[in-house]
Each structure stands twice: as structure tokens, then as C-alpha cells.
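# Chain and residue survey
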Protein chains: 2
Amino acid sequence: VSDSNRRWLVRRRPEGWPEVDDFELVEAPIEAPGEGQVLLRNLYLSVDPYMRGRLRDRDSYAPPVGIGDVMVGSAVAEVVESRAAGLAAGDVVESPTFGWQEYAAVDAAGLRRVDPELAPVSTALGVLGMPGLTAYFGMLDVCELRPGTTAVVSGAAGAVGSTAGQIARIHGCRAVGVAGSDEKVDWLTGELGFDAAINYKTAGSLTRALAAVCPVGIDAYFDNVGGPITDAAIRLLALRGRVAICGQISIYNATEAQTGPRLLWELVARRARIEGFLIFDYRDRYREGLEKLGGWVRSGELRYRETVVDGIERTPEAFISMMRGGNIGKMLVKVG
Amino acid sequence: VSDSNRRWLVRRRPEGWPEVDDFELVEAPIEAPGEGQVLLRNLYLSVDPYMRGRLRDRDSYAPPVGIGDVMVGSAVAEVVESRAAGLAAGDVVESPTFGWQEYAAVDAAGLRRVDPELAPVSTALGVLGMPGLTAYFGMLDVCELRPGTTAVVSGAAGAVGSTAGQIARIHGCRAVGVAGSDEKVDWLTGELGFDAAINYKTAGSLTRALAAVCPVGIDAYFDNVGGPITDAAIRLLALRGRVAICGQISIYNATEAQTGPRLLWELVARRARIEGFLIFDYRDRYREGLEKLGGWVRSGELRYRETVVDGIERTPEAFISMMRGGNIGKMLVKVG
């Protein structure tokens, strides 16, 4: 155990694309855990698209991070010292509120135990964590997947999208992915078993490209991206098509209000639906979701990949790279 | 009974706003009813926004009207001669497929009997017809109205909108209308009992104007109009807000693709939903809807107004006027 805690503070709110200099790496003393708390040492940090929203000076479903505060983020961590019943030194946990730092003394109540025997502990931030659960409930509950239908996923090579598309495949749907490189497309249609995938950067007309691989329309569209990909998907919705808005990463870093075609009239004749969702609303069913996801991972039906950046000093770089599509699968920072 | 049937044919497909010259008034012989048919004489013709879509050379939920065909439209008509069981000369019926003409020989099977004792027969094209049913199912089923919440209606002074807003009021909601003249606003907040209404043509910032009359956000938005009014409503959606897309009249006559702000990310934090619907999907429940609407009309809780244009020769003019907002309540052509 080191005697100093390196932590990333928010130095200023990004204008447009975040920069490394929007954050500041400082050293602080390691806090001692209080009664009911544990001292955790970070093993893996998660960087996720939602963090861009937390950097804005605007309340959303969660308050913004304050200037000078430790940047928010979840982590998989090891218990160094425990003053809480049921947790002992050496246990591994997932903490949704850990932040971009090496150590944290946190309440044991908010932690989820991670069993290193079941899967690599890093998966608790990906396929067996919030991204996997987001894909699970977004696909099954919001998109109401039905066997034999066509499901399209944008951001399909990311942590959420790669899981969402495979869940569609596992449920007997035609799974179609949209991603930003040929390497990603090859991974989706190869190892992950998507029925089709398109590279939006080279596809030309997205509507034509999607139509070619969705010949009877799109029944379910899981959207991580927004923008022109989503315009194309909406135009191709089938009767009673369902769109789950998980994220809109294509507009998060825009400095001017983004415009696009007015397409709501497309919903009328198709009796189609667009719905936003947040994973927290499903917290009473996380256990169900994790059991299902864990079963599919163990059986080999559900595969995952991780893009791991080494060292807490590279966390902002990893975050920015993820926002630019530099990851395949879950983007992580290896800290420990 | 005249011996000639005046009828409006589609001469050409409108580019942008329809013109009277897009239609052609011709005389034709009156057809004789076949077995199982009745000969009907038109009393009132309906002109409705959906007709603009039928003039397009594009299949939607119904095929387009052909060039040279009688323009589509529903009518309330009187039976002149019956060759069908259960209908006799003098009976009044509503026919959804009558068309813009004075006489038609039609299958009795597609007709709905109208009881002149219950309400003026013209209401079978308005508050006690498709527009009323559209408001009923759109508000109760798609918007899932709940007492004590805020419901906003665009196109609020039209046949559908004026009924939708009153249904919200009847169900204990705060009813807010958006319309295009001070006279309409006065009617909504006066006779119809809306809690508030705004004139979108003079309101300035629609988001600010709507926010001022929806201080805790919008729980249900019934949309007939689209465009900037809908942008404002989406920005003001409350948690789990619901948007029913009934029509988008603001874009039907545009000659160029319309653009607007990208707002789907607004749905995420609010877990809000936008859904298109068509009244035909509720046909098994029309009886329920008409009984409810009829009860409210008889009790005086649900009021209506009609803007009646006299003479079949003025039908295109009435249609175009309705598209430009020239009506208060249901726009009708009195034929008989």
C-alpha cells in the first residue's frame, strides 16, 4: 500500500471535446475508513459516455461534478482495510461512486461483491456490470425483443452495444450492428455472430446501407449514438417498431445545437415508439439481469472484449479515446 | 333527387400547398345501387389533415388517391334507395369512404348508422366520429392520462385537439392548448374550460411560453402539428412524459425536407416516450369511445364547434382553409 492517493480532479468544464487539461492529477493522503466503511484500492476504473454529461453545468438525472472535485466513475477495487461487517481485506467489490482515484474510503452499503471465480473481475464494469445490464433491460424491456424480428444497435462495438446485439442474437433476432471501423465490423459479424454490420464512416447513404441488411425493416433499434445513424433507423422502422434511446454520443461534444431532419411523422403510419431509459430504474431486477448475463458468458453465448489502458495517469486520455471510438468493447483503465 | 352527381377528381398531385386547381369538379351519372348496397346522398363532407398524405404519390397506411379518381373523404349521408337489409330510405349514415361527391352507391357493410335524435348528424364527422375517437384513444391509451397531471395539445382548436384537451380536463388534468389565433385561445380557455392556452404565432419563445403555463412540466403531449411547438413540448417533458403523435400538419405542405433541433437525448433523463398512432387500431373499441364521447356531449362536459362551408363546389377551398388553420372546431362542407 502506497501512502499517497493519486486522484483526478475536474479543473474546468470542457467546451466541446474534452481535453486532458480539463482534468488535474493531484496527490492526496489516503483516507482512513470510518465505522461501516472500507478502504478500497482501485484495480480497474471505468470510463463511460455518461461522464460527459456529468461534466456539464446542468442538473440531469444526477448533479454535475463540481470544479475541483474528484471526477466521478465506477471502479472494481480490492478491500485493503475493513471496518464493515461482511467485507474483509482481499475481497473484491464494484463501487459505482469510486471516482478517478487510487484509493477511497467508502460506505460498505453501496458496494457490490465481485466473485473472482466466476469471471475476470474487470467484467464487473462491463458485460457483468452496468453496461451489460443496460443492454439487457434496454433490449428486453424497452425494445421488447421478439424472436424472428430485426434488431439494430448503434455504437455496436462498445461495451453496451456489443452486449445488446448479442442479446438480440441469443433471442433469435436478426442482429445488425452499426460501428465506426472495418475492424469493429469484422469483430461483430465474426466472433460475436451479428448477422450483419455496417461501418457508418464508409457506408455512404446510411439509409440505403441499413435497408440492404434489414430487408423487412427494423423492429427494434437500440441507440447509443443518435444523429444520422438514428435518422436512418427511424426511416426504416417496421410496423410497431421500437426505439430505445440509451445514449446520443454523437452530440455530446457538439458546441452548437445539432439539427437534423424532422422525422416524427414517420412514427404515425408505423405506430412506432421512441423511448428513453436509464438503467437505475431497473435496480430491483439487477440480480435477474446479472444471472442471465453470467449464464450466457459462462456458456460462451455472450462474448466480450476489453480495451485496457494502463495506469491511472492515463485516465483522461482513455476517456477521450472512448468518446472518439478508440475502444473495442469495454474501455477500462487498469490502476492496480 | 338530381339526375347528376357532382364530384371532385384529383387533377394533379399538389407541390407544397394544395391549390383549388389541383382538383376538378365534374358531373357524372348517379350510379344505381347493387345488391347489398345503398344509394346515398351526401349531407356533410369532412375535410381532414390526413387527406394531404393521400394526395402524395407514396404508399403509407393507405394507398394514394389516383390521378383522375374521386378525392377520398368521409361523409354523413342520407339513404336515397336501399338494396340492403337493415337500411331504408331516409336513414342517416356515416361513410368513411364516400369521397368528395354528392351521391354514391356503396356497400352497406362499411356504414355506421347515425341517430339524428342523439345529436346533430354532422357530429358523426367530428366529436362523435373519427376526430373524437382519435382524441379519445390518443389521450387515454397513448398518452395514458392520469388525474392531476399536465396535458398539452397542439392544434388545440381543431376537431381533434379541442376534444383531446377537454378529455384531459374531464379526467382531472391541467389542460393546456396551443393554437394559432387569439380568437381560438379565447374559445379554448373560455367555453371549453382549458386551464391555459397560447397563441403560437404571437407567443415569442414557445419554450418559455409553454413553461410559464406548465410550471411542473408536461406529462402528456398530444401532437397534431409538429415543428417548433413540438420541440418546445419535448424540452418541457416531465419524468415519464408521454407524447402521442397524431399528426404533423406543420410539415405536410413543405416542399423541402424540414429540419429541427436534435432532441432525442431529452428523452433519456426523463425516461420519456414518443409514440405514433392511428385510430384504425382501436376499431374494436369504437363503441366504447362513442358511448363515452356521447355521454360527455349530452351532459355538456364536452363541447364542440363546427366551421361549415356551404356547397360541394367549395370543398377544395374548405380543405385548403383547414390546412391553413381557417377553422375553429371541425371543418365541414354542407352538401345537401
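The preceding data block contains the structure.
What you see is a predicted model, and the numbers here were worked out from it, not measured in a lab.

## A closer look at the relation of the copies chain A and chain B
Between the two copies, chain A and chain B, the superposition gives an RMSD of 0.0 Å; the rotation angle is 180° and the shift along the axis is 0.0 Å. Taken together, the rotation and translation describe the operation of a two-fold axis. Interface overlap between copies: 100% of the residues of chain A at the interface are likewise at the interface in chain B, consistent with a symmetric, same-surface contact.

## Concerning the sheet that holds strand β10 (residues 196-199) of chain B
What the 12 strands build is an open sheet, ordered β10(A)-β9(A)-β8(A)-β11(A)-β12(A)-β14(A)-β14(B)-β12(B)-β11(B)-β8(B)-β9(B)-β10(B); its pairing is mixed. For this open sheet the edge positions go to β10 (196-199) of chain A together with β10 of chain B, each flanked by a neighbour on one side alone. Mean inter-strand twist for the sheet, computed between neighbouring axes without regard to direction, equals 15°. Two strands pair when backbone bridges link them, and strand β12 (residues 237-245) of chain B and strand β14 (residues 273-276) of chain B are joined in this way by 4 bridges, in the parallel orientation. For Ala244 of chain B, the partnering residue across the bridge sits in β14 of chain B and is Glu275 of chain B.

## Here we look at the environment of Val185 of chain B
Residues and elements named next belong to chain B. Following the sequence through the fold, Val185 ends up in helix α4 (residues 182-189). Separated by 181 residues in the primary sequence, Val185 and Ser4 have C-alpha atoms spaced 43 Å apart. The contacts of Val185, once residues within four sequence positions are left out, are Ala197, Ile198 and Asn199.

## Remarks on the packing of aromatic side chains
Across all of its chains, the model carries 16 aromatic pairs over all chains by this definition. Between Tyr61 of chain A and Phe280 of chain A, the ring centres sit 5.8 Å apart and the planes meet at 45°, which makes this aromatic pair tilted. Placement of Tyr61 of chain A in the loop between α1 (50-54) and β4 (75-82) and of Phe280 of chain A in the loop between β14 (273-276) and α8 (286-299) is noted, with a sequence separation of 219 residues between them. A residue is classified by how much of its surface remains accessible, and Tyr61 of chain A, at 33% relative accessible area, is partly exposed. You can call Phe280 of chain A partly exposed: its relative accessible area is 34%. Summarising the aromatic geometry, the rings of Trp100 of chain B and Phe319 of chain B are spaced 5.7 Å apart at their centres and angled 65° between planes, so their arrangement reads as edge-to-face. Here Trp100 of chain B is found in the loop between β5 (92-95) and β6 (103-107), whereas its partner Phe319 of chain B is found in helix α9 (residues 315-323), with 219 residues between them in sequence. Each of the two residues, Trp100 of chain B as well as Phe319 of chain B, counts as buried. Here the aromatic residues Tyr136, Phe137, Tyr282 and Trp296 of chain A are joined through ring pairs into a cluster of three or more.

## Description of unusual backbone geometry
Positioned with a positive phi, Glu144 of chain A is a non-glycine residue whose angle comes to about 50°. Its place among the elements puts Glu144 of chain A in the loop between α2 (130-142) and β8 (150-154).

## Some points on the interface of chain A and chain B
Listed as interface residues are 33 residues of chain A and, on the opposing side, 33 residues of chain B. Note on chain A versus chain B: buried area summed over both sides is about 2900 Å², and carbon and sulfur give 59% of it. Measuring nitrogen to oxygen at the nearest pair gives 2.6 Å for the salt bridge that ties Arg271 of chain B to Asp281 of chain A. Our enumeration of links across chain A and chain B arrives at 14 residue pairs in polar contact (both at pLDDT 80 or more).

## Some details on the side chain of Thr150 of chain A
Take Thr150 of chain A: it is sitting in strand β8. In this structure Thr150 of chain A touches Arg174, Val176, Cys214, Val216, Gly217, Ile218, Asp219 and Ala220 of chain A, once residues within four positions along its chain are discounted.

## Brief notes about the environment of Leu239 of chain A
Note on placement: Leu239 of chain A falls in strand β12 (residues 237-245). Between the C-alpha atom of Leu239 of chain A and that of Pro64 of chain A, which follows or precedes it by 175 residues, the distance is 39 Å.

## Some details on the packing of α2 of chain A against helix α3 (residues 159-170) of chain A
All names here are of chain A. Relative orientation of the contacting elements α2 and α3 amounts to 45°, with a least axis distance of 8 Å. In this view, α2 runs oblique relative to α3, as classed from their interaxial angle. Crossing angle aside, the handedness with which α2 passes α3 is right-handed. Residues Pro131, Gly132, Thr134, Ala135, Tyr136, Met139 and Leu140 of α2 pack against Ala159, Val160, Thr163, Ala164, Ile167 and Ala168 of α3. A breakdown of the residues in the contact of α2 with α3 according to their chemical character gives 10 nonpolar, 3 polar and no charged.

## Details of the pairing of β6 of chain B
All names here are of chain B. With 4 of 5 residues buried, β6 is to be regarded as a mostly interior element. Bridge count between strand β3 (residues 37-46) and β6: 5 bridges; the pairing is antiparallel. Along β6, the bridge assignment pairs Val38 with Val106.

Reading guide: rules and limits
- Residues numbered from 1 in each chain as written.
- Chains lettered and ligands numbered in written order.
- Predicted model: local features only at pLDDT ≥ 70, side-chain atom pairs only at ≥ 80, totals over all residues.
- Heavy atoms only, no water.
- Least-squares fit on C-alpha atoms with pLDDT ≥ 70 in both.
- Contact = heavy atoms within 4.5 Å.
- Pairing = 2+ DSSP bridges.
- Helix = DSSP H or I, 4+ residues; strand = E, 2+ residues; numbered from the N terminus.
- Axes fitted to C-alpha atoms, helices over the stretch in contact; angles between N-to-C directions.
- Phe/Tyr/Trp six-rings, centres within 6.5 Å; stacked < 30°, edge-to-face > 60°.
- Buried < 20%, exposed > 50% of the residue type's maximum accessible area, 1.4 Å probe, protein only.
- Buried area = accessible area lost by both parts, 1.4 Å probe.
- Salt bridge = Lys/Arg side-chain N within 4 Å of Asp/Glu carboxyl O.
- Polar contact = N/O pair within 3.5 Å; in protein donor to acceptor, adjacent residues only side chain to side chain.
- Parallel < 35°, antiparallel > 145°, perpendicular 65-115°, else oblique.
- Left-handed = near helix turned anticlockwise from the far one by under 90°.
- Nonpolar A, V, L, I, M, F, W, Y, C, P; charged D, E, K, R; others polar.

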